[in-house]
Structures are given as C-alpha cells and as structure tokens.
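Summary of structural features
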Amino acid sequence: MNLIEVLISSLLLAASSAAALGVWSQAANEVAASTRLEQQADQLERLRLASHRWLIAEAGAHTLINGSCRFDVSSLSAAMDQALPAPEGTTRHLSADPHGLGLWQELEARAPQGRAVRQRRQLITPAAYGLCQP
C-alpha cells in the first residue's frame, strides 16, 4: 500500500465516522424529545386522575354547584387550583359545555417555546360525582 492509498483510506474512514456520529447524535436528540413528550403526557394524565379523585373525595365539602345541579365554574376552578395546583408548564382551563352537560376540564402541557404540545379533555358533571340532591 503506497502513501496515496493510505491517505485516501484515512479520509474515507474519517468521513464515514463523522457521518455515523451525526446520525447517532440526531437519533439521541429524537429519543430525548420523545421521552419529554411521554413525560408530559404522563404528567397530564396524573393531573386528570388527581382531579377525578379529588372530585370523588372532596368536592362535596365545597359549595361548587348552584341550585340547578350545575357546577359554578369560578368556584370549581378556584377550589381545584388550590387543592391541585397545575405543575409548571401545565395549564388547566374549565369551560361550560355548550349543551349544558357539565364542564370541560382542559389540560395542556406547553413546550419551552410556549406552544401547546399535549392536551387532555374531560367532561365533569355534578351528577357523576353524586353532588346533586334529589
């Protein structure tokens, strides 16, 4: 093997190693992003379940419904925010269902850039939690 062959083979080895390293770096970044998304989804699901459990256990102790067996949005929102504060990067919004079925609890996890990444919605009704008196 002469000097030119050694130089060419060294250049080919260096170029292929650099390309492989770039591919591995990109794959590692994608795995990290996927893990973050999965953690955000888990965080939203835990908050949704915690809200459900809180409504089962504690909602009866608060004045959260009006006379027509409907949740008062502001009272429920304040009580939930106090009992179950949303973790950093996560927001909770309660809004009335347009058909009067109950309230929609909307949970969002935001990326550091500020855009919504994951969302969960749950319809909450007083009757489902035994809060309506016959």
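The paragraphs below set out a description of the structure included in this document. (Residues numbered from 1 in each chain as written. Predicted model: local features only at pLDDT ≥ 70, side-chain atom pairs only at ≥ 80, totals over all residues. Heavy atoms only, no water.)

1. Points about the side chain of Gln105
The criterion, for reference: Elements are defined by DSSP. Helices are runs of H or I of four residues or more, strands are runs of E of two residues or more, and each kind is numbered from the N terminus. Summary of the burial criterion: residues with accessible area below 20% of their type's maximum are buried, those above 50% are exposed, and those between are partly exposed, where the area comes from a 1.4 Å probe applied to protein chains only. Contacts described as polar in this section are N or O atom pairs within 3.5 Å, which, within protein, must combine one atom able to donate a hydrogen with one able to accept it, while residues neighboring in sequence count only if both atoms come from side chains. We call two residues in contact when some of their heavy atoms are within 4.5 Å.
Mapped onto the elements, Gln105 comes out in strand β2 (residues 103–110). Accessibility expressed as a relative area gives 1% for Gln105, which makes it buried. Of note is the side chain of Gln105, whose polar atom sits 3.3 Å from the side chain of Arg92. If we ignore the near neighbours within four places in the chain, the residues touching Gln105 are Arg48, Ser51, Met80, Arg92, His93, Leu94, Arg120, Arg121, Gln122 and Ile124.

2. A closer look at the nonpolar core
In summary, soluble globular proteins display a tendency toward joint burial of nonpolar side chains. Stated formally: By nonpolar core is meant a set of buried Ala, Val, Leu, Ile, Met, Phe, Trp, Tyr and Cys residues that side-chain atoms within 4.5 Å join together.
In this structure, Trp54, Leu55, Leu64, Phe71, Leu76, Met80 and Ile124 are the most contacted members of the largest nonpolar core, which totals 14 residues. Where this core is concerned, the elements lending two or more residues are α1 (3–57) and α2 (73–83). Broken down by element, this core gets its largest block of residues, three residues, from α2. The contacts of Leu55, once residues within four sequence positions are left out, are Phe71, Leu76, Met80, Ile124 and Tyr129.

3. Focus: the pattern of salt bridges
Using the following cut-off: Note on definitions: salt bridges are taken to be side-chain nitrogens of Lys or Arg within 4 Å of carboxyl oxygens of Asp or Glu.
Using the criterion set out here, one finds four salt bridges in the structure. Taking the shortest distance from any N to any O, the salt bridge between Arg48 and Glu45 comes out at 2.6 Å. Within this pair, Arg48 and its partner Glu45 are both found in helix α1, separated by three residues, close to a single helical turn. The partly exposed category is assigned to Glu45, whose relative accessible area is 27%. As a salt-bridge pair, Asp81 and Arg92 come within 2.8 Å of each other at their nearest N and O atoms. Of this pair, Asp81 sits in helix α2 while Arg92 is found in strand β1 (residues 90–96), placing the two residues 11 residues apart along the sequence. A single network of salt bridges, built from pairs that share partners, joins Glu45, Arg48 and Arg120.

Nothing here speaks to function; it is all geometry.
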